[in-house]
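# Descriptive analysis of the structure
Take a look at the letters that make up each chain.
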Amino acid sequence: MDDNRRLRRARGFRLTARIIGIFVAVFFLAMLIGEGVASMREEGFRGITTESLYALVPILLAVAAFIVAWWRERVGGILLIVAYMVLSLAPSVHSIYFGKGFQFYAGMWFFALPFLVAGIFFIIAHQQSRQSS
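Cut-offs applied
Residues numbered from 1 in each chain as written. Predicted model: local features only at pLDDT ≥ 70, side-chain atom pairs only at ≥ 80, totals over all residues. Heavy atoms only, no water. Patch = residues over 30% accessible without salt bridge, like charges linked within 9 Å, V, L, I, M, F, W, Y side chains within 5 Å. Areas by Shrake-Rupley, 256 points an atom, 1.4 Å probe, with all protein chains shown as cover. Salt bridge = Lys/Arg side-chain N within 4 Å of Asp/Glu carboxyl O. Helix = DSSP H or I, 4+ residues; strand = E, 2+ residues; numbered from the N terminus. Contact = heavy atoms within 4.5 Å. Polar contact = N/O pair within 3.5 Å; in protein donor to acceptor, adjacent residues only side chain to side chain. Lys, Arg positive; Asp, Glu negative; His and termini not counted. Charge placed at Lys NZ, Arg CZ, Asp CG, Glu CD. pLDDT = per-residue confidence, 0-100.

## Here we look at a nonpolar patch on the surface
Among the surface-exposed residues, Ile-22, Val-26, Ile-67, Trp-70 and Trp-71 lie close enough to one another that they form a single nonpolar patch of about 540 Å² accessible area. Elements with a minimum of two residues in the nonpolar patch: α1 (3-43) and α2 (50-71). In this structure, Ile-22 sits in helix α1.

Printed below as a string of structure tokens:
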């Protein structure tokens, strides 16, 4: 494959990863803000509880990893994959501490899947760019 083709392919993966990341980050942040506003209306603001950290920290980690990926594609891609794992496991870990026992929430693995896809695309874009130079 020639260098021009690799650069175009890298640009395509990079653009696709950024578009996916923007939509998913906006969706998760909107969901988080909406949930926070609804909770404050019902119960008033009592501060951030340990239970709310199980939603807040993984989402903020994923958004931070996405922001890092804009400048450091390889590192950001790896962080997005890690963030996907943390975000996917958070509800199951939450069930251990705040539920009646361990429950595995398979739906969250699919719900957070765009972060995994974006992370893989950033890594592929980095590899393609590196091979062409």
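## Looking at the environment of Ser-129
Mapping Ser-129 onto the fold places it in helix α5 (residues 113-132). Taking the C-alpha atoms as reference points, Ser-129 and Asp-3, 126 residues apart in sequence, are found 8.7 Å from one another. Residues within four places of Ser-129 in sequence aside, it is in contact with Ala-10 and Arg-14. Within the structure, the side chain of Ser-129 is placed 2.7 Å from the side chain of Arg-14, a separation counted as a polar contact.

## Remarks on a positive patch on the surface
A surface patch of positive charge is lined by Arg-5, Arg-8, Arg-9 and Arg-11. Here Arg-11 lies in helix α1.

## Focus on the confidence of the model for the protein chain
Within the protein chain, residue pLDDT values average 83, and 83% of them lie at 70 or more. When mean pLDDT is taken per element in the protein chain, α5 scores highest with 91 and helix α4 (residues 106-111) scores lowest with 78.

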